[in-house]
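Coordinates in review
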Amino acid sequence: MNDGRCCCFPGAASVVFFPAAWSCERSAGEDFLKRPRETRLGRGGNALAASVDTLTHPPCLAAPLRPGSQRRKRMKGIKKSLTEEYLYLELSQQIGGYIFPLHTSVTLFLLSYCDCKIFKVCLVLTTESTDVSLLRSVLSKDVEIHITSRQELPPVVQNCRLPAVVERPDNFCRAGLAVVLRHIIQKSYESDPSKKEILELLGFKKTCLKACAEVSQWTRLCELTIPVAIENFLRESSDQPPTIPAEILELEKKLSEPVRVHNDDKLRRQKLKQQKAAGSGPSLAKEKTKSKVHRLETSEAVDSSSASLELQVALSKLLVQEESAPANREPSHIRKTKASDLPPLEHVFAEGLYFTLADIVLLPCIHHFLVIICKKLPEKLVEFPLLAAWYRRIQEVPRVKTAASQCGIQFLHLPELQTSSNEWHPNLDEVPCVEEQNDSSFIGGPRPTMTKLMEKGIEVMFSPHPCPTWTLDWNTLPAAVSPKEGKMSSDRALRKQQQLNNLVYVVTNQAKPGDRIVDFCSGGGHVGIVLAHMLPSCQVILIENKELSLIRAKKRSDELGLSNIWFIQANMEYFTGIFNIGVALHACGVATDMVIEHCIKTRASFVTCPCCYGFIQNTSKFKFPKSEQFKKTLSYKEHMILCRFADQTAVQLPPQRRLIGKQCMCLVDLDRARAAEERGYSVQVISMEPESCSPKNNMIVGVPV
C-alpha cells in the first residue's frame, strides 16, 4: 500500500488508498474499427490516478495531490483562454455498486468517454451520513474528484438542481443533465478540435436533447423518466422482486419504430437495392385504417446484407468518414419506387443510425437494469430483444468499453434474442384528446366558441392599464441597457423599448429592496438587464436554455458592471430557488404556463407577456382549458380553436381578422387568469400600451392574495 495515494474522506470510518496508476489499455472490442487517430486515446499507456480531496469552499480548494509536472502535462493542449469551471454532482446514496442519482453516473461516464480533464469535479453530499469510502470502485479513475456539501456551494448553484457547472466569478451557471452534458461535449471539443467524433454526439444540427423535457417526450424519457424509473427499480430489487418499469417498455417500443433521418429516402433506396440484389425484397404490409395509421410489419428473417446497411452508415459516422457515394446511378426500378413502398430503416442506436448523447445517457441506466434482470428475472430478458441488441452494439463503439471500465461498469455478455414482428402504434398520449376527436357537439371556428362562452357570462374584458403613458428615459440610460445594442433593426428596437416600458413599470411598482426577481425565458436579457440596472437593491436572475443568448446577456451586463445579476442556463424546472417576482416577455406556448406555475408554487407575483398561442397543447403537466370555469364550458378541441386563432394578429392581416385574434388572445389568457385565481391569486389581463408595440401585447399580472 506504500505506492498508493492516501485520501481521507470527511466522516469516513477508514482511509482509502488509490493506486498511483490505473491501466487504461484499449479493449479488444475496439480493434476491429482500426481508428486512424487511436494513438491520442492513450495517455502513455496509463491513466493518471484519481485523487479525491476534501473541499471546503471552491475558492479554497485543497491543493490537488497530482504532482506538478503531471498536472502541466494534463493541461497541455488546452486553450489558455478557457475559463476554469467547477462541475457539481450530487451524491445522495450508494446501494451495491450504484451511485444515486443516476444523473451523476451518467455525467462521470461522459467525462471518461470524452477524456475530459478541464473541469474541477465536486461531489456534493446530500447527507452527512453518506458513506464515500465505497466510491473507489464506481468513480472514474482518471478524473480528479473533490467532496463538498450543499451548504458550501456557490449561492447560484444552491438555487439549482444538480448536476451544475459554474464559471468564475460564480454568476454564470449551467444546470440540468442535458444542458451540462451538452456543455461538457462542447468544452471537450474546444480543448481539442481534432476530436470531431465527440462533437458528433450532439447529433444532426447539434440538437440532441436540446429541447426541454416539457415539450419533447424524447428528452423527458432520456433525461428524467428513465433515470428515475431505474433508480426506483434498483431500490425495489434490493428487498423484493422488482416490477419492470413502464419507461423501459416504452424504450423497447421506440427502438422498434422506423428510423427517420434527414436523408432517409436515399438510404432506404440503397437498402431496397441491397435487398433486391440479395433476392429478398422487403416484406411490408400497409393497412389503412379510419384513423389513417399505417402498420409496418418487417419480416422475421431479413438477409444479413440488407440488414447491415444501417450498421455500415453508423460505423462510417463513428470513424468520422464521409459516406461513400454510390459509383453508379440507382437502377430505374429503384428510383421509381414510391417512398411508401421503401423498406424502413432500423435502429442501430437510440436515436436511429448514429451514436449520440442519448446513448451516453441511457447506457449506465440500461446496464444497471439488465444486471438486475439477469440476476433476478432472467426469464424476462426475452421481452427486450431490441434493447439487448442495442446494449451489445454500443459496446462496439470506440472508447465505450474503456470509459465503462473506468467507471466501474462491467459489461454483460447477452445472447442474441429472436426479434418478433413489431407493430407500430401511435402513443395515445402523443395524440391530444383522442376521446374528443369525434365530439358531435363541436362547431368549428372561433365565433361559435366565443358565443358559447358569452352565454356562460365569459366575455372579452381587459383590466385598465395602470399607467399607459409611463416610459423609461432611454436617452439617459447607458447604451448597454437599451435593446438597440442588440442585433435588431431600429424599428424593432423601438417596439422592444415600448414592451419593456410596460413590464418594467409593473415590476418596479411591486419590487421591494432585497427582493429576488427572476426573468424566465430571458433570451438576450432585455428585461432582466433593465431591471438589474433600475433596481440595484434587488437580485435579478436570468434563466434561459439557449447558451448563446445568455452569453450575449452576460456580455452586456459586464459592460454595465452589474453585480446584482445571475445567469442560469437551464430549463426552468431545474431552478429551485425562492424568489419574489417572476417575469417573462414572450414566453412561447406552454412556457408561459410553466412560468405561472413556477411562480404559484413559490407564492411569487408574476408579470408575463404570452406568445405563440398556436403552440399551446396538452402536456404531461398541463391540460387545457386550465380553469374550472372554462372546463365546464369548452372542450379541449374548442379551446385549441381559440389558441390557433389567437395567433391571427399580425399587422399585415385584415383589421377584422386581427380583432378576432385579439379577442381569442384575451379569452385564452382569461382562462390562465381564472386558473391562477382558483389557487389564491389576484390576476389582471392588461393590454400593453401602445398596442402597436407587438401583435402579442397582452400582460397577465398576478399577485398572491
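As a reminder, the structure under discussion sits directly above these lines.
Residues numbered from 1 in each chain as written. Predicted model: local features only at pLDDT ≥ 70, side-chain atom pairs only at ≥ 80, totals over all residues. Heavy atoms only, no water.

Describing the overall build of the protein chain
Where we set the bar: Strands here are runs of E lasting at least two residues and helices are runs of H or I lasting at least four, both read from the DSSP assignment and numbered beginning at the N terminus. Note on classification: 1.4 Å probe, protein chains only; a residue is buried when its accessible area is under 20% of the maximum for its type, exposed when over 50%, partly exposed between these limits. Only the protein chains shown count as cover for residues, with accessible areas throughout obtained via the Shrake-Rupley method and a probe of 1.4 Å.
Helix and strand counts for the protein chain stand at 21 helices and 19 strands. Counting over 705 residues, the protein chain shows a buried share of 54%. Put simply, the protein chain shows about 31,700 Å² of open surface, and 52% of that area lies on carbon and sulfur atoms.

Observations concerning helix α20 (residues 636-646)
We apply this condition: Contacts are assigned to residue pairs with any non-hydrogen atoms lying within 4.5 Å of each other.
Most of α20 sits inside the fold, with eight of its 11 residues counted as buried. Every buried residue of α20 is accounted for by Tyr636, Glu638, His639, Met640, Ile641, Leu642, Cys643 and Ala646. Packed against the buried residues of α20 are α14 (446-455) and α21 (655-677).

Digging into the environment of Arg168
Position of Arg168 relative to the elements: it lies in the loop between β11 (164-167) and β12 (172-175). For Arg168, a relative accessible area of 24% gives the class partly exposed. In this structure the C-alpha to C-alpha distance between Arg168 and Glu84, which are 84 residues apart in sequence, comes to 7.0 Å.

A few points about the side chain of Thr619
With respect to the helices and strands, Thr619 occurs in the loop between β17 (605-611) and α19 (628-631). For Thr619, a relative accessible area of 10% corresponds to the buried category. For Thr619, the contacting residues outside a window of four places in its chain are Glu214 and Val590.

What to know about the pattern of salt bridges
Inclusion rule: One speaks of a salt bridge when a side-chain nitrogen belonging to Lys or Arg is within 4 Å of a carboxyl oxygen belonging to Asp or Glu.
Applying the stated criterion across every chain yields a total of 18 salt bridges. Glu257 is the salt-bridge partner of Lys253, the closest N and O atoms lying 2.9 Å from each other. Taking relative accessible area as the criterion, Glu257 reaches 18% and is therefore assigned buried. Lys631 is the partner of Glu628 in a salt bridge, and the nearest nitrogen-oxygen pair spans 3.7 Å.

Examining the packing of aromatic side chains
Cut-off, in case you're wondering: Only Phe, Tyr and Trp rings take part, Trp by its six-membered ring, and two of them pair if their centres are within 6.5 Å. Stacked means planes under 30 degrees apart, edge-to-face means over 60, and tilted covers everything else.
For the structure on display, the rule yields 10 aromatic pairs. When the ring of Tyr391 is compared with that of Phe411, the centres are 5.6 Å apart and the planes differ by 70°; the resulting orientation is edge-to-face. Here the residue Tyr391 occupies a position in helix α12 (residues 385-394), and Phe411 occupies one in the loop between α13 (400-406) and α14, the gap between them amounting to 20 residues. For the pair Tyr391 and Phe411, a shared accessibility class is recorded, and that class is buried.

Points about the packing of α14 against α21
Put simply, the rule reads: Every angle, taken between N-to-C directions, lies between 0 and 180 degrees, and every axis is a line fitted to C-alpha atoms, over only the stretch in contact when it is a helix. Put simply, angles under 35 degrees are roughly parallel, angles over 145 are roughly antiparallel, angles from 65 to 115 are roughly perpendicular, and the rest are oblique. Left-handed describes a crossing whose near helix is turned anticlockwise from the far helix through less than a right angle; right-handed describes the clockwise counterpart. Under the scheme applied, nonpolar residues are Ala, Val, Leu, Ile, Met, Phe, Trp, Tyr, Cys and Pro; charged residues are Asp, Glu, Lys and Arg; polar residues are all the others, including Gly.
Two numbers describe how α14 lies on α21: the axes approach to 11 Å, and their chain directions differ by 45°. With respect to α21, the element α14 is oriented oblique. By crossing handedness, the relation of α14 to α21 is classed as left-handed. Between α14 and α21, the residues in contact are Pro446, Arg447, Met450 and Leu453 and Gln656, Ile660, Gln663, Cys664 and Leu667, respectively. A per-class count over the contact of α14 with α21 returns six nonpolar, two polar and one charged.

Details of the nonpolar core
Side chains of a nonpolar character, in soluble globular proteins, are inclined to be buried together. Put simply, the rule is: Nonpolar core, defined: a set of buried Ala, Val, Leu, Ile, Met, Phe, Trp, Tyr and Cys residues in which side-chain atoms within 4.5 Å join the residues together.
Of all hydrophobic cores here, the largest spans 143 residues; its most connected members are Tyr113, Phe369 and Trp390. Here this core gets 12 residues from one element, more than from any other, and that element is helix α11 (residues 357-376). Residues Val504, Ile517, Ile529 and Val540 belong to the second largest nonpolar core, which totals 37 residues.

Some points on the pairing of strand β18 (residues 681-687)
In plain terms, the rule: A pair of strands is considered paired only if DSSP assigns at least 2 bridges between the two.
For β18, the buried fraction is high: five of the seven residues fall into the buried class. By the bridge criterion, seven bridges tie β18 to strand β19 (residues 698-704) in an arrangement that is antiparallel. Within β19, the position partnered with Tyr681 by the bridge is Pro704.

Looking at unusual backbone geometry
Note that the residue after Leu162, namely Pro163, is joined by a cis bond; omega there is 10°. With omega at -5°, the peptide bond leading from Phe624 into Pro625 counts as cis. Tracing the sequence through the fold places Pro625 in the loop between β17 and α19. Here Leu209, not a glycine, exhibits a phi torsion of approximately 55°, which is positive. Take Leu209: it is sitting in the loop between α5 (196-199) and α6 (217-237).

Let's talk about the environment of Pro704
With respect to the element layout, Pro704 can be found in strand β19. Taking relative accessible area as the criterion, Pro704 reaches 27% and is therefore assigned partly exposed. Placed 99 residues apart in sequence, Pro704 and Ser605 show a C-alpha to C-alpha distance of 6.2 Å. Other than its neighbours up to four places away in sequence, Pro704 contacts Arg603, Ala604, Ser605, Gly680 and Tyr681.

Observations regarding the pairing of strand β9 (residues 119-125)
Counting buried residues along β9, seven of its seven residues qualify, which places the element largely inside the surrounding structure. Both faces of β9 are covered, namely the face carrying Phe119, Val121, Leu123 and Leu125 and the face carrying Lys120, Cys122 and Val124. Here seven bridges tie strand β6 (residues 85-91) to β9, and the two strands are oriented parallel to one another. Bridge pairing links Tyr88 to Cys122 in β9. With five bridges joining them, β9 and strand β10 (residues 145-149) adopt parallel strand pairing. In the sheet register, Val124 faces β10, and the bridge partner there is Thr148.

Some remarks on the state of the cysteines
What counts is decided by this rule: Whenever a pair of cysteine sulfur atoms sits within 2.5 Å, that pair is classed as a disulfide.
Using the criterion set out here, one finds zero disulfides in the structure. Summary of cysteine pairing: Cys222 is not part of a disulfide, and the nearest cysteine sulfur, belonging to Cys208, is at 7.4 Å.

A short note on the packing of α20 against α21
Think of two packed helices as two axes; the pair is described by the angle between the axes and how far apart they sit. Between α20 and α21, the least distance of the axes is 7 Å, while the angle of their chain directions is 130°. Judged by the inter-axis angle, α20 sits oblique to α21. Viewed along their axes, α20 and α21 form a crossing whose handedness is left-handed. Where α20 abuts α21, its residues His639, Leu642, Cys643, Phe645 and Ala646 lie against Gly661, Cys664, Met665, Leu667, Val668 and Asp671. Within the contact of α20 with α21, the residues separate by chemical class into eight nonpolar, two polar and one charged.

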